[in-house]
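Residue-level structure breakdown
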Amino acid sequence: MRIRRLPALLVLAVMLTASAASAAGANGPSRAVGGGSFLFVGVTPNIPMQFSFSAVAHEDGSASGSFHHFYEDGGFTYEFWGTLTCVTFATVDAENRRAWIGGVLTKVSSTDPDVGLAAGDDAWFRVLDSTDGDRSTAMGFVGAIESSEAYCAMQIWPDDNARTHPVTEGQIKVAI
């Protein structure tokens, strides 16, 4: 399986933004940024997924930012771009910073004729910035949860980081 690499400049930009976000902390809006890849386990075969995102929660409750996910599965490619409508944060302890990120797809590109998703559909995922290793989920779409805003408000986080996957390349930074 051949996986297309994120452009080097995108990864560099995300990492530079991560440094700036870490410095912001409580002195400004809460932020989460990241980019890289993780192995989506639980399906056969396991699927390498590439991701990048930048999320800012403003003091007035609004959110801004964007996200991108890419993967190949069953001979098809799937690529999703979106803009943020919500982001929420929780600090469990000093080593574990969590973010729930939701938005609206702005572009869907897939070789699968039955992809069933289009620009305007809600999408979401969650991330963990941890000293034990960063983690991310694959994207979720409308179904059991009605909207991105509902996802961010619910702050679902199963025990033992269930359904999150270790980032194998890249980094996630959450500054609350």
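A brief report on the enclosed structure follows. Note that this is a predicted model, so its numbers are computed, not measured.

1. Digging into the nonpolar core
Formed by 27 residues in total, the largest nonpolar core has its most connected members in Phe53, Phe67, Val87, Ile101 and Val127. Tallying contributions element by element places strand E2 (residues 47-57) first for this core, with 6 residues. When neighbours within four sequence positions are excluded, valine 87 is seen to be in contact with Ala55, Val56, Ala57, Ala63, Trp100, Ile101 and Cys152. Counting 7 residues, the second-largest nonpolar core is a separate cluster that includes Trp100, Trp124, Tyr151 and Trp157.

2. Quick word on the state of the cysteines
Scanning the model with the defined rule gives 1 disulfide in all. Bridging cysteine 86 to cysteine 152, the disulfide has an S-S length of 2.2 Å. What sets the handedness of the cysteine 86 and cysteine 152 disulfide is the S-S torsion sign, and at about 70° it is right-handed. Of the two residues, cysteine 86 is situated in strand E4 (residues 76-93) and cysteine 152 in helix H2 (residues 148-154); the sequence distance between them amounts to 66 residues.

3. Examining the pairing of strand E9 (residues 165-175)
Relative to E9, strand E1 (residues 30-40) runs antiparallel, the two being bridged by 8 bridges. Within E9, the residue paired with glycine 36 across the bridge is glycine 170. Inspection of the sheet shows strand E7 (residues 135-136) paired to E9 by 2 bridges, in the antiparallel sense. By the bridge assignment, serine 136 is partnered in E9 with histidine 165.

4. A short note on unusual backbone geometry
In the Ramachandran plot, asparagine 161 falls in the positive-phi region, its phi being about 55° despite a non-glycine side chain. We note that arginine 163 has phi near 65°; this positive angle belongs to a residue other than glycine. Within the secondary structure, arginine 163 is located in the loop between H2 and E9. Accessibility expressed as a relative area gives 57% for arginine 163, which makes it exposed.

Cut-offs and rules
Residues numbered from 1 in each chain as written. Predicted model: local features only at pLDDT ≥ 70, side-chain atom pairs only at ≥ 80, totals over all residues. Heavy atoms only, no water. Core = buried A, V, L, I, M, F, W, Y, C linked by side-chain atoms within 4.5 Å. Buried < 20%, exposed > 50% of the residue type's maximum accessible area, 1.4 Å probe, protein only. Helix = DSSP H or I, 4+ residues; strand = E, 2+ residues; numbered from the N terminus. Contact = heavy atoms within 4.5 Å. Disulfide = S-S within 2.5 Å. Pairing = 2+ DSSP bridges.

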